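# Examination of the molecular architecture
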Amino acid sequence: MSTLQISPAGESTGNAGRQVINDFSIQVATVNGSGSQTANNVLMRSIFQMGIPVSGKNMFPSNIAGLPTWFTIRASRHGFIGRKKEVDFLVAMNGETAIEDVAGLASGAACVYDEPLKLNEQRDDLHFYPVPFDKLVGPVCPQPKLRKLVRNMIYDGVVAYLLDIDMEEMRKALFKQFGPKKIKAAELNSGALVAGYDYAAQNLSKTDPFRVERMNETAGKIIIDGNSASALGCVFAGVTVATWYPITPSSSMMEAVIEYMRRFRRDPETGKATYAIIQAEDELASVGMALGAGWAGARSLTATAGPGISLMSEFVGLGYYAEAPCVIFDVQRVGPSTGLPTRTMQGDILSTALLSHGDTQHPLYFPRCPEECFSMACEAFDLAERFQTPVFVMTDLDLGMNNWMADPFTYPEKPLDRGKVLTADDLERLGGFERYRDVDGDGVGYRTLPATRHPGAAYFTRGSGHNAKAQYSEREDDYVNNVDRLKHKFETMRKFVPAPEIELDPEAAAGLICVGTTHQAAQESRWQLRQEYNLRTSYMRLLAYPFRHELVEFIRRHEQVYIVEQNRDGQLLALMRLELDPGDIARLRSVRYYGGLPIDARTITDSIVAQEGL
């Protein structure tokens, strides 16, 4: 067995070298449907409870059971929580992929494996730890049908010993995972956890450099997935109508909406629901219902993924042209067609911004973390009603379905912005109104809601040609005036969408721009570029589209600007090219990753280094 050790920079150190503390990634390779998710979450939460910044990413197949699945835990004393390209510590539980998993490890990595696999015969430059899982699980789990599930907790105990994870934290995480209603199951799994730890302590000699030590970087933080955060944000935003059609990876968001609505949206006196949730026959019907509810005065939402966005095109065009508000969450996944339903991508940016035929432009929000999933939900509903239009919140599978550290959400104290809604008293004072006339110079007309008790409240909502009075018209000037007003309305939005996050380095000749979950890897890449190549960079994270004036100002401060995104064709860059001057476009460079995994810092760094000629 090799005695090599690997430092965080990838440098061999030998057994006498320094230990690698709180700076490594663990990958657990199992089989989909084997119940490993509980063990993986317990392992991740235990490290989190020791105060160490951590993230967990689940890569699972789109079948029900039987195919390989991998769960990666990143621990980082620097606070980097994006995916790490290299695997430092492997738990190999799947015989079908074990040899390939081991082959992909860098020299000096560690590997816990099921003893019958004999993986130590594959390489002599790794730290191998064989464990007889089947022998260990029998005594702690008398029921043969449950052993497949319980044996996963044994590797938690083994890893806890090897990495020096506090067993009391493991036990706390275990009981939190099962909850108060499943004490017997928790006790059963606790026995397996102890069995794994005891076996490792008595039979395994630690030779790898990786271990954890307590920190204080997670105090007061929570662990939550982005879909749950989005759902909670919608409830706080005042949503009363939610429509959906199940599609990975957005289904869990709508399931969370249903759960939160049942808990928080009932009449305190009668106990009756004060909301409506409808599972439609398809995505087109779903968004149609959401737009109808928005037209009627409800705050409405629907959630979907790329294939659903494609189907929604016709109704979204109606919402844009008839000017009906709703919010659409797009939890992006790999396409085209069915694509890879359980892989992540930022592949819908361009198509969603211009969704529907004809000249259309839609506002987009780009959250990067659960906190922003929550806060941007509230902002998106305000924007939708202020500008009377569909608004998209662009998350992705990585953010939506994986667990993230987060600060507790801030209770929204700002009043809801319902936009330009005329009451009966307003109409009595005005004497009437024209639905599609721009009175205030911002491109936004006034509207009334159904059941407004005034004879001047009625108007026709038209997706076909209409004039300012909402009357049917195919006159050239009426159409041109209408679409020009819609364009002007979109321009007005630039002042109301959130400003980008900017970090300027006065000595930097290069800048990075990204959106959403690319942020974590981009920030770590900037650190790598500074540490390894002495390349200083500035940074901008766009929070929304339409782009604000800060984008042009940022580009013009730098000789070259790298647009970092997770798709093949550079869709964010393409949106910029639609409205930038040629001189500004000439400064832009593209950095893209589109393999279906969350983007990692090393991929960004290598691309920038190659383009810089370093």
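Note that the structure is predicted; figures quoted are calculated from it, not measured. (Residues numbered from 1 in each chain as written. Predicted model: local features only at pLDDT ≥ 70, side-chain atom pairs only at ≥ 80, totals over all residues. Heavy atoms only, no water.)

When helices and strands are tallied, the protein chain shows 21 helices and 22 strands. Taken against the 2.2 N^0.38 rule, which gives 25 Å for 614 residues, the C-alpha radius of gyration of the protein chain at 27 Å falls within 12% of a compact globule. When its C-alpha atoms are laid out on the principal axes, the protein chain stretches across 85 × 65 × 40 Å. The burial tally for the protein chain puts 57% of its 614 residues in the buried class. Pairs at least 24 apart in sequence give 75% of the contacts found in the protein chain among residues at least 6 apart. Working note: accessible area of the protein chain is about 25600 Å², and carbon and sulfur atoms make up 50% of it. Counting 64 positive and 76 negative side-chain charges, the protein chain places the averaged centre of each group 3 Å from the other. (Helix = DSSP H or I, 4+ residues; strand = E, 2+ residues; numbered from the N terminus. Rg over C-alpha atoms; globule rule 2.2 N^0.38 Å. Buried < 20%, exposed > 50% of the residue type's maximum accessible area, 1.4 Å probe, protein only. Contact = heavy atoms within 4.5 Å. Areas by Shrake-Rupley, 256 points an atom, 1.4 Å probe, with all protein chains shown as cover. Lys, Arg positive; Asp, Glu negative; His and termini not counted. Charge placed at Lys NZ, Arg CZ, Asp CG, Glu CD.)

Below, the discussion takes up the domain arrangement of the protein chain. Each assigned domain of the protein chain is listed here: domain 1 (11-211), domain 2 (228-406), domain 3 (421-490) and domain 4 (501-612). The centre of domain 3, based on its C-alpha atoms, is set 41 Å off from the matching centre of domain 4. (Domains from an automatic or database assignment.)

This part takes up the packing of aromatic side chains. The full count for this structure, using the stated rule, is 13 aromatic pairs. One Lys or Arg, arginine 462, reaches over the ring of phenylalanine 460 and ends 4.9 Å from the middle of that ring. (Phe/Tyr/Trp six-rings, centres within 6.5 Å; stacked < 30°, edge-to-face > 60°. Lys NZ or Arg CZ within 6 Å of the ring centre and 35° of its normal.)

This part covers unusual backbone geometry. Cis geometry marks the peptide bond from glycine 335 to proline 336; its omega dihedral reads 5°. Examined against the element boundaries, proline 336 turns out to sit in the loop between β13 (326-332) and α12 (349-353). Note that the residue after tyrosine 545, namely proline 546, is joined by a cis bond; omega there is 15°. With respect to the helices, strands and loops of the structure, proline 546 is situated in the loop between β20 (544-545) and α18 (550-556). The backbone of asparagine 22 sits at a positive phi, close to 55°, despite the residue not being glycine. Position of asparagine 22 among the secondary structure elements: in the loop between β1 (20-21) and β2 (23-31). Asparagine 22 sits in the buried class, given a relative accessible area of 3%.

So, about the pattern of salt bridges. Applying the stated criterion across every chain, the model contains 41 salt bridges. One salt bridge connects lysine 57 with aspartate 398, and the closest N-O pair in it is separated by 2.9 Å. Within this pair, whereas lysine 57 is found in strand β3 (residues 54-59), its partner aspartate 398 is found in helix α14 (residues 397-401), the two being separated by 341 residues in sequence. Among the ionic contacts, a cluster of salt bridges with common partners joins Arg299, Asp382, Glu385, Arg418 and Arg447. (Salt bridge = Lys/Arg side-chain N within 4 Å of Asp/Glu carboxyl O.)

Put simply, helix α7 (residues 226-236) and helix α13 (residues 370-387) touch, their axes get as near as 7 Å, and they point 35° apart. The chirality of how α7 crosses α13 is right-handed. Between α7 and α13, the residues in contact are Gly226, Ala229, Ser230, Leu232, Gly233, Cys234 and Phe236 and Pro370, Cys373, Phe374, Ala377, Cys378 and Phe381, respectively. Tallied by class, residues from the contact of α7 with α13 come to ten nonpolar, three polar and no charged. (Axes fitted to C-alpha atoms, helices over the stretch in contact; angles between N-to-C directions. Left-handed = near helix turned anticlockwise from the far one by under 90°. Nonpolar A, V, L, I, M, F, W, Y, C, P; charged D, E, K, R; others polar.)

Taking strand neighbours across the sheet as the criterion, the five strands line up as β17-β19-β18-β21-β22 in an open arrangement whose pairing is mixed. In the strand order of this sheet, the two ends are held by β17 (501-503) and β22 (588-592), each with one partner. In this sheet, adjacent strand axes meet at a mean angle of 20° when their direction is disregarded. As paired strands, strand β21 (residues 560-565) and β22 are joined by five bridges and run parallel to one another. (Pairing = 2+ DSSP bridges.)

Moving on to the sheet that holds β13. Sheet strands line up and pair through hydrogen bonds in the backbone, either parallel or antiparallel. Pairing within the open sheet is mixed, and its seven strands lie in the order β11-β10-β12-β13-β15-β14-β20. The sheet is open, and its two edges are formed by β11 (276-279) and β20, each paired on a single side. With four bridges joining them, strand β12 (residues 300-304) and β13 adopt parallel strand pairing. Paired with threonine 304 across the bridge in β13 is aspartate 330.

With that settled, the discussion passes to the confidence of the model for the protein chain. For the protein chain, per-residue confidence averages 94 on the pLDDT scale, and 97% of positions sit at 70 or higher. Within the model, pLDDT remains below 50 along residues 1-16, and this stretch shows 43 contacts once partners closer than five positions in the same chain are excluded. (pLDDT = per-residue confidence, 0-100.)

Turning to the nonpolar core, a few remarks are in order. Counting 71 residues, the largest nonpolar core has Ile513, Leu542 and Met576 as the members making the most contacts within it. It is α13 that provides the largest number of residues to this core, a total of nine residues. For this core, the two domains that each supply at least three residues are domain 2 (228-406) and domain 4 (501-612). With near-sequence residues (within four places) excluded, methionine 576 lies in contact with Ile513, Leu542, Phe547, Leu551, Ile563 and Leu588. Counting 58 residues, the second-largest nonpolar core is a separate cluster that includes Phe24, Met153, Ile223 and Trp404. (Core = buried A, V, L, I, M, F, W, Y, C linked by side-chain atoms within 4.5 Å.)

What follows covers helix α16 (residues 476-493). With 18 residues, α16 should reach 26 Å at 1.5 Å per residue; the first-to-last C-alpha distance of 26 Å fits that figure. What α16 keeps buried is the set Asp478, Asn482, Val483, Arg485, Leu486, Lys489, Phe490, Thr492 and Met493. Each buried residue of α16 lies within a common arc of 165° when the element is viewed along its axis, so the set occupies one face. Along α16, exposed side chains directed more than 90 degrees from the buried face belong to Glu476 and Asn481. Where α16 is buried, its residues touch α11 (313-322), α13 and β20. (Expected span 1.5 Å × (residues − 1). Arc of directions from axis to C-beta.)

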